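Per-entry structural report
One letter stands for each residue in the lines below.
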Amino acid sequence: MASRQAFRSLAASITTTSTTLRAAASRRCASTLQNTSRSSTSTRQWTTSSTFFPNKQGRSNKRSYSTPGGSPPPRDTNKISFWPFVALIALTSGGYMLLVNRRKDMPPNPTSASAAAAPAPSSTTTTPAFSPADVTVIFVLGGPGAGKGTQCARLVRDYGFTHLSAGDLLRAEQDRPGSQYGQLIRDCIKNGAIVPMEVTVALLENAMRDTLAAAKTKTGRFLIDGFPRKMDQAFKFEEVVCPAKMVLFYDCPEQEMEKRLLERGKTSGREDDNAESIRKRFRTFVETSMPVVDHYEREGKVVKVDSTPGPDKVYEETRNQLRRVLGDKF
């Protein structure tokens, strides 16, 4: 506070001095102009009388001021003194430098320092709908036709998992009368595109709630098949629904998957079991879903199973891998 008062006093002093010097300079200029005007008038009068009234010898009364008896010429007062302006500039510059130096030596403003030191407000975090202590979520990923649904059905039969297929939920929603997402889902599936994550995540959360409510329990184990297909889906699901325990990834060559899908398309009646849609789905999986697998693999949560052999051999390998990660009695 004392430093601020000192600044105000110094600034007021500079302002007063500047005003005084400007007023003095103005008065000096006015006086100079007035004297100049009077001198010019006197000179004209003297010149007139000397010219038109000659002396007796016929010579003019023009005087030589170099003689001892002559009067000195009037002083040239037309010059304006610039010293007041120089003093004003010097005083103002000196005052400014003094202010700057004192400003550097001042301690920081306590209010500003505390505000700068205070941590930024934390962003609002969303609590997942289910706790990992109560609900186990396993993402089941693999290309179209890798055999995810077949292996999930066997795990449900033998170990009591609940199988939730993201694709089945989307197809059921598109066929539900009055669904606002029906046409959107239908177009995405037909073109091999990914349905907006908000729709898929909401359908999965509702299905999990319905399953637990029907069993009248808070604990459960879910195999989520064909999800997440993009990184933003993975992050959103773990943020609002439940963190995943692991990822079960079925690896299969594209040629083998295409052969299986074309064979399935003969009886499945699915709109996307045709050659054009299959190839689009392959491209989508490689471009968007494989980065998800790579992400969870870096976290040590991926279990890979080669799904090229027949279903029985693949299932045996699946059980061995789950025992290794979840224990013998998973």
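Right above here is the structure, for reference.
Below is a summary of the structure that appears in this document.

The buried fraction of strand β1 (residues 135-142) is high, at 7 of 8 residues. When β1 meets strand β3 (residues 220-225), the two strands line up parallel, connected through 6 bridges. Paired with F139 across the strands is I224, a residue of β3. As paired elements, β1 and strand β4 (residues 246-251) share 5 bridges and run parallel to each other. Bridged to F139 within β4 is V247.

On to the side chain of S307, then. With respect to the helices, strands and loops of the structure, S307 is situated in the loop between β5 (302-306) and α11 (311-326). Given a relative accessible area of 1%, S307 falls into the buried group. What S307 contacts, discounting residues up to four positions off in sequence, is A146, Y250, D251, C252, R260 and V314.

Moving on, we get to the nonpolar core. In terms of nonpolar packing, the biggest core is built from 28 residues, with V137, F139, M208, I224 and F237 touching the most fellow members. Broken down by secondary-structure element, the contributors of at least two residues to this core are β1, α7 (197-215), β3, α8 (231-240), β4 and α10 (275-298). It is α7 that contributes the most residues to this core, 5 residues altogether. Contact partners of I224, with chain neighbours within four places excluded, come to V137, I138, F139, V140, L164, L204, M208 and F237. Formed by 21 residues, the second largest nonpolar core is a distinct cluster that contains L223, M246, Y250 and L322.

Strand pairing in a sheet takes place through backbone hydrogen bonds and is either antiparallel or parallel in direction. If you walk across this open sheet you meet the 5 strands as β2-β3-β1-β4-β5, and the pairing is parallel. Bordering the open sheet on either side are β2 (162-165) and β5, each of which pairs with just one other strand. Between one strand and the next, the sheet's axes are offset by a mean angle of 25°, whatever the strand orientation. Set on the sheet, α11 makes contact with β1, β4 and β5; between it and β5 the angle comes to about 160°.

Moving on, we get to α10. Here α10 is 24 residues long and its end C-alpha atoms lie 33 Å apart, about the 34 Å a rise of 1.5 Å per residue gives. Helix geometry: α10 is bent most strongly at S289, by close to 40°, with proline P291 lying one to four residues after it. Restricting attention to buried positions, one finds in α10 the residues S277, I278, R281, F282, T284, F285, S289, V292, V293, H295 and Y296. The elements touched by buried residues of α10 are β1, α6 (182-190), α8, β4, α9 (254-268) and β5. One or two positions beyond α10, positive phi appears at G300, with a value near 75°.

Centre-to-centre distance and the angle between the planes together describe a pair of aromatic rings. Per the counting criterion, the structure on display carries 4 aromatic pairs. Considering the side-chain rings of F139 and Y296, the 6.0 Å spacing of their centres and the 70° angle between planes classify their relative orientation as edge-to-face. Placement of F139 in strand β1 and of Y296 in helix α10 is noted, with a sequence separation of 157 residues between them. Judged by its relative accessible area of 1%, Y296 falls in the buried class. Over the aromatic face of F161 sits the side chain of R221, whose NZ or CZ is 4.2 Å from the ring centroid.

What follows covers the pattern of salt bridges. All chains considered together, the criterion is met by 13 salt bridges. With a closest N to O distance of 3.0 Å, R209 and E205 form a salt bridge. On the criterion of helical spacing, the pair formed by R209 and E205 is a turn pair, its members being 4 residues apart in helix α7. Judged by its relative accessible area of 17%, E205 is buried. Where E256 meets K259, a salt bridge forms, and the shortest distance between an N and an O atom there is 3.4 Å. Of this pair, E256 and K259 are both found in helix α9, 3 residues apart, which corresponds to roughly one turn of the helix. The exposure class assigned to K259 is exposed, which follows from its relative accessible area of 52%. Sharing partners across several salt bridges, the network here consists of E256, K259 and R260.

Criteria and cut-off values
Residues numbered from 1 in each chain as written. Predicted model: local features only at pLDDT ≥ 70, side-chain atom pairs only at ≥ 80, totals over all residues. Heavy atoms only, no water. Buried < 20%, exposed > 50% of the residue type's maximum accessible area, 1.4 Å probe, protein only. Helix = DSSP H or I, 4+ residues; strand = E, 2+ residues; numbered from the N terminus. Pairing = 2+ DSSP bridges. Contact = heavy atoms within 4.5 Å. Core = buried A, V, L, I, M, F, W, Y, C linked by side-chain atoms within 4.5 Å. Axes fitted to C-alpha atoms, helices over the stretch in contact; angles between N-to-C directions. Expected span 1.5 Å × (residues − 1). Bend = angle between axes of the 7 residues up to and from the residue. Phe/Tyr/Trp six-rings, centres within 6.5 Å; stacked < 30°, edge-to-face > 60°. Lys NZ or Arg CZ within 6 Å of the ring centre and 35° of its normal. Salt bridge = Lys/Arg side-chain N within 4 Å of Asp/Glu carboxyl O.

Note that all results are geometric; they support no functional claim without further evidence.
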